[in-house]
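# Observations on the model geometry
Chain residues, written in single-letter form:
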Amino acid sequence: MSSKITMTTATGCPVADNQNSLTAGPRGPVLLQDQLLLEKMAHFNRERVPERVVHAKGAGAHGVFTVTGDLSRYSRARIFESVGGETPVFVRFSTVAGELGSADTVRDPRGFAIKFYTEEGNWDLVGNNTPVFFVRDPLKFSDFIHSQKRHPVTGRRDAAMQWDFWSLSPESLHQVTILFSDRGIPASLRHMNGYGSHTFSLWNRDGERFWVKWHVKTRQGIRCLSAADAARIAGEDPDHHRRDLYQAIEAGDYPRWTLYAQVMPEREAERMPFDPFDLTKVWPHADHPLIEVGVLELNRNPANYFAEVEQAAFSPANMPPGIGASPDRMLQARLASYPDAQRYRIGVNYNALEVNRPRCPVHSYHRDGQMRFDANGGTGPVYQPNSLDGPVDDPSFREPPLRISGDADRYDHRQGNDDYGQAGDLFRLLDQGQRQELIDNIVDAMRGVPEAIQRRQIGHFMKADPAYGEGVARGLGITG
Ligand code: NDP
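Residues numbered from 1 in each chain as written. Predicted model: local features only at pLDDT ≥ 70, side-chain atom pairs only at ≥ 80, totals over all residues. Heavy atoms only, no water.

### Description of the overall build of the chain
Cut-off, in case you're wondering: Strands here are runs of E lasting at least two residues and helices are runs of H or I lasting at least four, both read from the DSSP assignment and numbered beginning at the N terminus. The globule rule used here is 2.2 Å times the number of residues to the 0.38 power, and the radius of gyration it is set against is calculated over C-alpha atoms. The buried label applies to any residue whose accessible area, calculated with a 1.4 Å probe on protein chains only, is under 20% of its type's maximum; exposed applies above 50%, and partly exposed to all values in between. The criterion used for residue contact is that any of the two residues' heavy atoms lie within 4.5 Å. Exposure was quantified through the Shrake-Rupley algorithm and a 1.4 Å probe, taking into account, for residues, occlusion by the shown protein chains and nothing else.
Scanning the chain for helices and strands turns up twelve helices and ten strands. Expected size for 480 residues packed as a compact globule is a radius of gyration near 23 Å; at 25 Å, the chain falls within 12% of this value. Its C-alpha atoms give the chain principal-axis dimensions of roughly 80 × 65 × 50 Å. Within the chain, the fraction of its 480 residues that count as buried is 49%. Intrachain contacts of the chain at a sequence separation of at least 6 include 72% that bridge at least 24 residues. About 24,600 Å² of surface is accessible on the chain, with carbon and sulfur atoms providing 53% of the total.

### Here we look at the UniProt feature "binding site: heme" (unreviewed entry) in the chain
Condition: UniProt positions are given in the numbering used here, feature names are shortened, and annotations may be inferred rather than shown by experiment. Under the rule applied, a polar contact is a pair of N or O atoms within 3.5 Å (in protein, one hydrogen donor and one hydrogen acceptor; residues adjacent in sequence only if both atoms are side-chain atoms).
If you check UniProt for "binding site: heme" (unreviewed entry), the listed places come out as Tyr 338 in our numbering. Among the structural elements, Tyr 338 can be located in helix 8 (residues 329-346). A polar contact of 3.0 Å, which involves the side chain of Tyr 338, links it to the side chain of Arg 334.

### A few points about the packing of aromatic side chains
Convention followed: Each aromatic pair joins two rings of Phe, Tyr and Trp (for Trp, the six-membered one) with centres within 6.5 Å, and gets the label stacked for planes under 30 degrees apart, edge-to-face for over 60, and tilted for any other angle.
Summed over all chains, the structure comprises 22 aromatic pairs. Judged by centre distance (5.9 Å) and plane angle (25 degrees), the ring pair of Phe 80 and Trp 214 falls under stacked. Of this pair, Phe 80 sits in the loop between strand 1 (58-67) and strand 2 (86-95) while Trp 214 is found in strand 7 (residues 209-218), placing the two residues 134 residues apart along the sequence. Judged by relative accessible area, Phe 80 falls into the buried class, the value being 1%. With a centroid separation of 5.7 Å and 85 degrees between ring planes, the pair formed by Phe 133 and Phe 144 is classed as edge-to-face. One end of the pair, Phe 133, is in the loop between strand 4 (121-128) and helix 2 (141-148); the other, Phe 144, is in helix 2, and eleven residues separate them in sequence. Residue Phe 144 is classed as buried on the basis of its relative accessible area of 3%. In textbook terms, an aromatic cluster arises when at least three aromatic residues are bridged by ring pairs, as seen for Phe 133, Phe 134, Phe 141, Phe 144, Trp 163, Phe 165, Trp 166, Phe 180, Phe 427, Phe 461 and Tyr 468.

### Here we look at the side chain of Asn 193
Here Asn 193 shows up in the loop between helix 4 (173-180) and strand 5 (194-195). Given a relative accessible area of 7%, Asn 193 falls into the buried group. Within the local environment of Asn 193, its side chain forms a polar contact with the side chain of Tyr 195, the two groups lying 3.0 Å apart. A distance of 2.9 Å separates a polar side-chain atom of Asn 193 from the backbone nitrogen of Thr 218. With near-sequence residues (within four places) excluded, Asn 193 lies in contact with Phe 112, Asn 128, Asn 129, Arg 183, Val 216, Lys 217, Thr 218 and Ile 222.

As structure tokens, then:
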């Protein structure tokens, strides 16, 4: 017997020969009774889980979050309880529109999803590297994504579809401006910020609720790629961002970010000059300054890409007591659609997978379902209430009421909403070089788009800032 570990089949039977199929004679066909061959082919056919419709291409790492600032007056969440407290995390970064094999250095928002394994259950902050989004009503989300994906006829991404949708959806202007600015292509995942983007809420032990926006600012400094460098790298090293993150962590150069919160008392939302739950808007820093909360460090690479990065399943609905939702309608839709997408993609028991498993005890009454690979609740009761000493609900964790009101209707969200002010503010805070880069990037992307669409979109740039609109019009050779 050799000292090496003997290979087995999936059911543990030793394998005598993994080099030669079972054949009828040395030149004959293979036999159906070669169970090893059948098992290998069948498993291989099933190696892929459905690719995420968005955020398919990702990279991830483990790390730790350390509290540095006191948030306890706003939230009862134990994760914020004590300065110096540490919570393990897993972070997954991603591009949005490209498929699993697509290049990293494309112009696209980046997903920045953090799973905090807190003592009171998982908290997932599932954000992007931009503070706003292209649409504010979830009814438009699938239309938006279709316009950014592949054309139904040509199978290629299509600038005309993209700008047609954007030009007919002026609420996208703020995010479009960020996307085509220098920050549209990060130099690495380590050199970009993350944002929770939505307005969430915090609630404390006194039952007070505060609205909150999260900012995750890189401590490596912002670094971006020019369009030309990004295009070159996409050809030479399509997995550039994955490689950079992995190598930095392997070398002990652990990337770090500072977590900040912008906090607004519940009643103040009613007095805001714009809807503070609108995902296309930021809260100006001057009105709601950043409060430092903690430091996020990534310090361990996954041991297995599929097991950890691909099977990682995030949902903004994962919120421990002290953290809550808000009337942001895009958030409301994501609370439903993210867990639904994971159930479809990796199965109903996805929360029991190692990378998703809470690090605190789980006492739910969910049972059975495909791929139930834990003890399935063992001998415990399967209903509640019960007289069997099973887990019970505890009113001490009760969330204060979320104040909402209004008559049900399909209100026009484009009516009376300023889609131009904040996009213009961003344009004006860029220096001359950045403004020109923004305009050049847009002009490159809009070349070949039907003139009617170009003109409609230039009208939006004009309203944000005349210099913005005139710059793009000049670049495209559009006059009058
Ligand atoms: P501030 O002057 O206080 O903040 C400006 C913000 O702009 C900074 O957070 C800066 O990020 C960010 N920024 C700089 N260059 C770019 C870029 N190319 N793409 C995206 N963001 C960039 O102003 P306000 O808070 O009043 O906001 C003004 C505008 O700044 C907003 O309309 C919005 O477009 C943008 N912004 C605002 C944020 C907010 O939460 N208030 C967050 C991000 C952007 P950094 O500090 O990391 O350099």
